[in-house]
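Architecture and fold: a report
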Amino acid sequence: MSLLPLLTQDVLAAAPSLLGWHLVRDGLRARIVEVEAYRASDDPACHAFLRTAMKNMAMFGPPGKAYVYFTYGCHWMLNVVAHGQGDAAAILIRAAEPIQGSELFRERRPKARRDRDLLSGPGKLAAAFAIDASDNGVDLLDLQSKPGLLRLESPDIPAPRIVAGTRIGIALGKGHDYPWRFADADRLVWVSRPLTF
DNA sequence: GTCCGGATTACCT
DNA sequence: GGTAATCCGGACT
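In this report, we go over the structure that sits alongside the text. Here the residue index of a chain counts from 1 through its sequence in written order. Whichever chain is written first is A, and whichever ligand is written first is 1; the rest continue in order. Given that this is a predicted model, residues contribute local features only at a pLDDT of at least 70 and side-chain atom pairs are listed and counted only at 80 or more, while totals for whole chains, interfaces and linings are drawn from all residues. Heavy atoms from the whole structure form the basis of all side-chain values; hydrogens and water molecules are not counted.

**A look at the overall build of chain A**
- Helix and strand definitions follow DSSP, with helices as H or I runs of at least four residues and strands as E runs of at least two, each counted in order from the N terminus. When helices and strands are tallied, chain A shows four helices and eight strands.
- For chain A, the N- to C-terminal ordering of α and β elements is α-α-β-β-β-β-β-α-α-β-β-β.
- Note that the radius of gyration is over C-alpha atoms, with the globule rule given as 2.2 Å times the number of residues to the power 0.38. On C-alpha atoms alone, chain A measures out to a radius of gyration of 15 Å, which is about the 16 Å that the 2.2 N^0.38 rule sets for 197 residues.
- Considering only C-alpha atoms, chain A reaches an extent of 40 × 40 × 35 Å along its principal axes.
- Working note: accessible area of chain A is about 9400 Å², and carbon and sulfur atoms make up 56% of it.
- Charged residues are defined narrowly, with Lys and Arg counted positive, Asp and Glu counted negative, and His plus the chain ends left uncounted. Lys charges are placed at NZ, Arg charges at CZ, Asp charges at CG and Glu charges at CD. Between the averaged position of the 24 positive side-chain charges in chain A and that of its 21 negative side-chain charges there is a distance of 5 Å. Only the protein chains shown count as cover for residues, and all accessible areas are computed by the Shrake-Rupley method using a 1.4 Å probe.

**A closer look at the packing of aromatic side chains**
- Two rings from Phe, Tyr or Trp (for Trp, the six-membered ring) form a pair when their centres are within 6.5 Å of each other. A pair whose planes differ by under 30 degrees is stacked, one over 60 is edge-to-face, and the rest are tilted. A complete count under the given rule lists four aromatic pairs for this structure.
- Definition used: whenever NZ (Lys) or CZ (Arg) falls within 6 Å of the ring centre and also within 35 degrees of the ring normal, the charge is taken to sit over that ring. Lying over the aromatic face of Tyr38, Arg167 brings its terminal NZ or CZ to 4.6 Å of the ring centre.

So, in structure tokens, the structure goes:
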């Protein structure tokens, strides 16, 4: 099963199809359960809307690469680049269910009291996987990738049922009401926050 | 459940 | 030099 054809469609089609895929690094593995779509062409919340800069370059590049940036003085965010010809867009990975490596996740997330707190938010997930600027631009679909690099692997379960809701942290007038947040309807216990519509 | 302080980056003037 | 940023965790009710 290949992810690239899915990520070379429009991001609104690509984002839900990323649910169920595994995020992997060395002995760490987690199932993606919550994502958000951001698109340059008509989405004021997208970093690439009406402006290009060093920071958002990756979103204009080939689908399947990582777009990683830092925000709020303390959190890294992991996105997967996904768009058709002539657009720039990315999928923010917001939450995942731990499958393997919980001990290291816990070490990196000492304040997490339950398993549900390990990866239930984009900042938490980045901390648990030790994601930072060095992961920006990495090809997440490269099957030959070196040890230590972040990558995506095929799901081990059938494609999930999907629920959509509005995105988190979007200011009024910036597309706060777009239903561009997608989650695995059967694994809502792992998401960062309840879905709202 | 709600509120609020934290603290870094890169872009802007 | 100012500020906004795809948020988290601790403190409280």
